[in-house]
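Residue-level listing of the chains:
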Amino acid sequence: MAYLEILNLNKSFGENHVLKGIDFSMERGEVVSVIGSSGGGKTTFLRCLNFLEKPDEGQILIDGELLYDAALSYSDAEIREKRLSFGLVFQSFHLFPQYTAFENILIPLNLRAFERAAVDKLPFRQRRALKAEIMAENKVKAMELLRNVGLEAKADAYPCHLSGGQCQRVAIARALALSPAILCFDEPTSALDPELTGEVLRVIKQLKQEGRTMIIVTHEMSFARHVSDKVIFMADGVIEEMGAPEDVFDNPQSPKTQAFFSSFEEEI
Amino acid sequence: MTFARITMILLEGFGQTCLLFALTLLFALPLGLLVSFCSMSKFKPLQLITKVFVWIIRGTPLMLQLFVVFYVPGMLFNIQLFGSDPQGRFTAALVAFVINYACYFSEIYRGGIEAIPRGQYEAGQVLGMTKTEIFFRVILMQVVKRILAPISNEVITLVKDTSLARVIMVAEIFYLNENLIMSKGIIWPLFYIGVFFLLFVGVLTILFNYLEKKLSYYQI
Ligand SMILES: Nc1ncnc2c1ncn2[C@@H]1O[C@H](COP(=O)(O)OP(=O)(O)O)[C@@H](O)[C@H]1O
Ligand SMILES: [Mg+2]
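For every chain, the first residue of its written sequence is number 1, and the numbers climb from 1 along that sequence. Chain A is the first chain written and ligand 1 is the first ligand written, with later ones labelled in order. Where local features are concerned, this predicted model is filtered to residues with pLDDT of at least 70; where side-chain atom pairs are given and counted, the filter is 80 or more; whole-chain, interface and lining totals use all residues. Computation of side-chain values covers all heavy atoms of the structure but excludes hydrogens and water.

Novice: If you had to explain the packing of aromatic side chains to someone new, which residues and values would you point to?
Specialist: Only the six-membered ring of Trp is used, alongside the rings of Phe and Tyr, when aromatic pairs are assigned; centres must lie within 6.5 Å, and planes under 30 degrees apart are stacked while those over 60 apart are edge-to-face, with the rest tilted. Inspection of every chain in the model, using the stated rule, returns 23 aromatic pairs over all chains. Look at B:Phe14 and B:Phe197: their rings are 6.1 Å apart centre to centre, the planes differ by 80 degrees, and that puts the pair in the edge-to-face class. Note that B:Phe14 is positioned in helix α1 (residues 3-39) and B:Phe197 in helix α8 (residues 189-214), a separation of 183 residues in sequence. Of the two residues examined, B:Phe14 and B:Phe197, each falls in the buried class. By the ring-pair criterion, three or more aromatic residues cluster together here, those being B:Phe3, B:Phe14, B:Phe21, B:Trp188, B:Tyr192, B:Phe196, B:Phe197 and B:Phe200. Lying across the ring of A:Phe114, A:Lys131 places its NZ or CZ 5.1 Å from the centre. The rule is short: NZ of Lys or CZ of Arg within 6 Å of the ring centre and within 35 degrees of the ring normal puts a charge over the ring. Sitting over the ring of A:Phe96, A:Arg174 keeps its end group 4.6 Å from the ring centre. Put simply, DSSP marks the helices as runs of H or I at least four residues long and the strands as runs of E at least two long, and each gets a number from the N terminus on. A 1.4 Å probe rolled over the protein chains alone gives each residue an accessible area, and that area as a share of the maximum for its type sets the label: buried under 20%, exposed over 50%, partly exposed in between.

Written as structure tokens, this is what we have:
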């Protein structure tokens, strides 16, 4: 049984049929890279998984259980809950500028923990005590996450005082805070200066070693080759080719994949 | 007429000015937020009505609006909304000011809210935040920082606009001063009033500079 299973995912923007029936599955602890030229629907694919876009058709199963079916309708609260199965790291970080690195991680963590513990329903005094307890726990966890991306020393820095690479590492720690089953990355290094991509890629590699299940949209071909268990080449809203990195990179079968790689090599 | 006596009279008027100023802010700042939500509403008719209303209020003189609020209900519809006693006049002026300033503030809020990148909302969403949490925890402080400068401009304009309440004979500082000029034939209190306003605006400027400094610990 696959850990994540996506069946016939479809998404259109008006007349523009962007995802044309994506079928895809991956195992727990696997790392899947998604490559392809721009406009192919990679971002839309990740946004559908995180319910930032509403798929028109298709199902998402986690661990064999139906998480989402486009044919059914869900309340905002249900979508919010389902969303937590996935984490998303954006190309341009989207850290909250008014909070420190530490707070960026801590605040979402606290909000969800308060909600789960239903603190709002408690009488005032109990509520304060429970909140304090949860916050103390979460502070330890948030600091742990920062340490894990090597930024413990920057805990009290605001995003405007961090480099792009540091921001993205904080964003990764923040996405991990809510323990998503699957962590998605949308071109995590594309907004970075070349000399800063290494630190982010190292963090992702380390997450692989920790056994995280990840889907990474990237243009870093050599990184994709080394870190992934499986590579997907996506073009015009379909999965054109999927397989082990050696197969996709060294021996692509589909003409579109071959064309993509040859144009890519020309650029280099 | 001693200096002290004139100071007392003007202070009395200035008290009304300050009260009008403070109450206008108290009501117009939150009301403006409500208006800005309406003007950004996904429900098109509400959005349209709000936008037309804001356009009218911002496109006509505040003085005209003061007259309309004070005289029109009684003269056209025979409804006595505001008495012609000082209390009623003050209330009418307050209503006109609140409506006018709420509309100006709403446009500033709207600009501030629309300037926040979508990514901020989406980052909140993928972290499982509710719409309310996203607004209050993520968006609001960024909006406040963005709008502080334009709001402070409006607030300082409001200080001086309060003198318009004179047209419906609210006993604010100019109205009382005019009595002095008319009946006693002395002109210098006019400049004296200027000092009151300068001091008031000076204090506000210092306050806003302080707030701006307070918020400068991060950049958007
Ligand atoms: N919100 C949107 N509204 C309309 N069209 C969109 C939207 N998002 C993406 N698209 C379209 O979907 C297609 C795929 O875009 P995207 O998923 O960003 O591709 P990629 O990430 O592979 O570059 C493009 O043609 C783009 O114009
Ligand atoms: Mg993209």
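Okay, back to it.
Novice: Go over the site of ligand 1 with me, naming the residues and quoting the values.
Specialist: Residues and elements named next belong to chain A. Near, as used in this document, describes a residue that has one of its heavy atoms within 4 Å of the molecule or strand being considered. Residues in close proximity to ligand 1 include Phe13, Asn16, Val18, Ser37, Ser38, Gly39, Gly40, Gly41, Lys42, Thr43 and Thr44, which together make up its full environment. Here a polar contact is recorded for every N or O atom pair within 3.5 Å, except that within protein the pair must consist of a potential hydrogen donor and a potential acceptor, and residues adjacent in sequence are included only if both atoms are side-chain atoms. Interatomic distance of 2.5 Å between a side-chain N/O atom of threonine 44 and an oxygen atom of ligand 1. Among the secondary structure elements, those contributing two or more residues to the shell around ligand 1 are β2 (16-26) and α1 (42-49). Each residue receives one of three labels: charged for Asp, Glu, Lys and Arg, nonpolar for Ala, Val, Leu, Ile, Met, Phe, Trp, Tyr, Cys and Pro, and polar for the others, Gly being one of them. Tallied by class, the residues present in the shell around ligand 1 amount to two nonpolar, eight polar and one charged.

Novice: Pulling in residues and values, what's your account of α8(B)?
Specialist: Residues and elements named next belong to chain B. For α8, with 26 residues, the first-to-last C-alpha span of 38 Å sits near the 38 Å given by 1.5 Å per residue. Listed in full, the buried residues belonging to α8 are Pro189, Tyr192, Ile193, Phe196, Phe197, Phe200, Val201, Leu204 and Phe208. Packed against the buried residues of α8 are α1, α6 (131-161) and α7 (173-184). In a helix, the anticipated span is given by 1.5 Å times the number of residues less one. Two residues form a contact once any of their heavy atoms are found within 4.5 Å.

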